[in-house]
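Breakdown of the fold
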2 protein chains.
Amino acid sequence: MSEHEMQNTRESILIAARNVFVKKGYAGARMQEIADEAGINKALLHYYFKNKETLFEMILFEALKTIQSGILVVLESEMDLFEKIRFFCSRYISFLQSNTYLVSFILNEINRDQEKLVKYFTRAGIKAPEKLMIQIEEETLKGNIRKTDPRQLVLNILSLCIFPFIARPIVKGVFRIQEKEYNELIERRKKEVPEWIISSLKKE
Amino acid sequence: MSEHEMQNTRESILIAARNVFVKKGYAGARMQEIADEAGINKALLHYYFKNKETLFEMILFEALKTIQSGILVVLESEMDLFEKIRFFCSRYISFLQSNTYLVSFILNEINRDQEKLVKYFTRAGIKAPEKLMIQIEEETLKGNIRKTDPRQLVLNILSLCIFPFIARPIVKGVFRIQEKEYNELIERRKKEVPEWIISSLKKE
DNA sequence: GTCTATAGCCAGATAGAC
DNA sequence: GTCTATCTGGCTATAGAC
């Protein structure tokens, strides 16, 4: 069944490529290593994907769509502000726990080709969270929260959710903590991050 | 004056290498490009530095020492807790504004050789901020602040200071803001980040 | 200390058999 | 669709002249 085989091969190439690109970055990744990890040879790689760049972009795009549909959609939902912050932070951290590759993958790309990266973000449907930003402005006007620049709030939420995944190896090394303990640290942040954010929004 | 010449050449190689490594990462950087940017040829590069890896490590080590002596020392100073948080956040953000290369540089290395990276952190004298962590425990015991895991606090401070520099190209792209405006956003964080942190520490 | 020229290797990509 | 063999280019590193 050639079509079925094809699906399998193609799929295993994509998985292998994702692993290698995450570990080595674009420039450091080797087509040979991807082929090995997929259990095929280099020639077949080029049969399925024209070249390294194409293969990489395929995976980048998939990753961004995963982020968009897996988590960012929450920001446009109808929950009220505090509820949304609690739900989003906790969900985002869980999401990154089970998709750790996403962070490294995008980091690797940030310094390589920023223009292209932004283009792919747009193409994957990732955009400024209008709904959330309107909610913040409304609550500020109503006097329910401190005067807050919505963009700063979004930056803070992203910082507190994402950075611990970026800095993991360094923080582990410097604080001398083990993988298990670091994971517990992150686990606790699902509850704590939204509370910190909310306490910074409340008036004294 | 050969020794003087040598200092100049060596220095210009280091500067050129830093620029190229920051832009391209280790694997993406080309010795030819470094030579061009330094205004010399490849052979001379290998005359001064045995190989690419050596050159890279030299620059990495310099970068880490800059971070340690330029900013992290503050954490061990004698200021009281809130004063220290205000001073550190504001100084850290200023520091990154004038040393933007540092963030990309370390990011590039994070996924390449974590073990070596941590070793260099240690060798550069970067370690857990004992003094700060003790202060937090003391203030918690005295009942002046909420019960707080010192490591979470450190993670939060670093997240809020560093992440905006990492995510700059993406945030700019997604929010459609220009370089100038993004810099103003960051500028304001010098005052705001410490206040958010402190408000999360205060009891209700 | 600085250069030109080149060795030697390795990676991405393709030709062509099965 | 998958393989082996190979081309081609580019990159690190060195030899050797000045």
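Residues numbered from 1 in each chain as written. Chains lettered and ligands numbered in written order. Predicted model: local features only at pLDDT ≥ 70, side-chain atom pairs only at ≥ 80, totals over all residues. Heavy atoms only, no water.

A separate point is the protein's contact with DNA strand C. Looking at DNA strand C, there are 16 residues lining it, with A:Met31, A:Asn51, B:Asn41, B:Tyr47 and B:Tyr48 nearest. Measuring from a phosphate oxygen of DNA strand C, one finds a backbone N or O atom of A:Met31 at 2.9 Å. Between B:Tyr48 and DNA strand C, the recorded distance is 2.7 Å, taken from a side-chain N or O atom to a phosphate oxygen. Looking at the surface near DNA strand C, the element that brings in the most residues is helix α3 (residues 42–48) of chain B, giving 4 residues. Class assignment for the residues of the surface near DNA strand C results in 9 nonpolar, 4 polar and 3 charged. (Near = heavy atom within 4 Å. Polar contact = N/O pair within 3.5 Å; in protein donor to acceptor, adjacent residues only side chain to side chain. Helix = DSSP H or I, 4+ residues; strand = E, 2+ residues; numbered from the N terminus. Nonpolar A, V, L, I, M, F, W, Y, C, P; charged D, E, K, R; others polar.)

Another point: the nonpolar core. Soluble globular proteins tend to bury their nonpolar side chains together. The biggest cluster of nonpolar side chains holds 158 residues, and the ones touching the most others in it are A:Phe21 and B:Phe21. Non-local contacts of A:Phe21, meaning those with residues more than four positions away in its chain, are made with A:Tyr26, A:Ala29, A:Ile34, A:Lys52, A:Leu55, A:Phe56, A:Ile59, A:Phe105 and A:Asn108. (Core = buried A, V, L, I, M, F, W, Y, C linked by side-chain atoms within 4.5 Å. Buried < 20%, exposed > 50% of the residue type's maximum accessible area, 1.4 Å probe, protein only. Contact = heavy atoms within 4.5 Å.)

So, about empty space enclosed by the protein. Applying the stated criterion to the full structure yields 3 cavities of 30 Å³ or more. A:Ile170, B:Tyr92, B:Phe121, B:Leu158 and B:Ile162 are the residues nearest the centre of the largest cavity, which is lined by 32 residues in total. Those elements that provide at least two residues to the lining of the largest cavity are α9 (150–166) and α10 (168–175) of chain A together with α4 (52–70), α5 (81–98), α6 (101–110) and α9 (150–166) of chain B. Looking at the lining of the largest cavity residue by residue, the classes come out as 28 nonpolar, 2 polar and 2 charged. Estimated volume of the second largest cavity: approximately 100 Å³. (1 Å grid on protein atoms, 1.4 Å probe; cavity = no way out; pocket = protein on both sides within 12 Å on 5 of 7 lines; lining within 4 Å. Points joined across faces, edges and corners; volume = space filled by probe spheres on them.)

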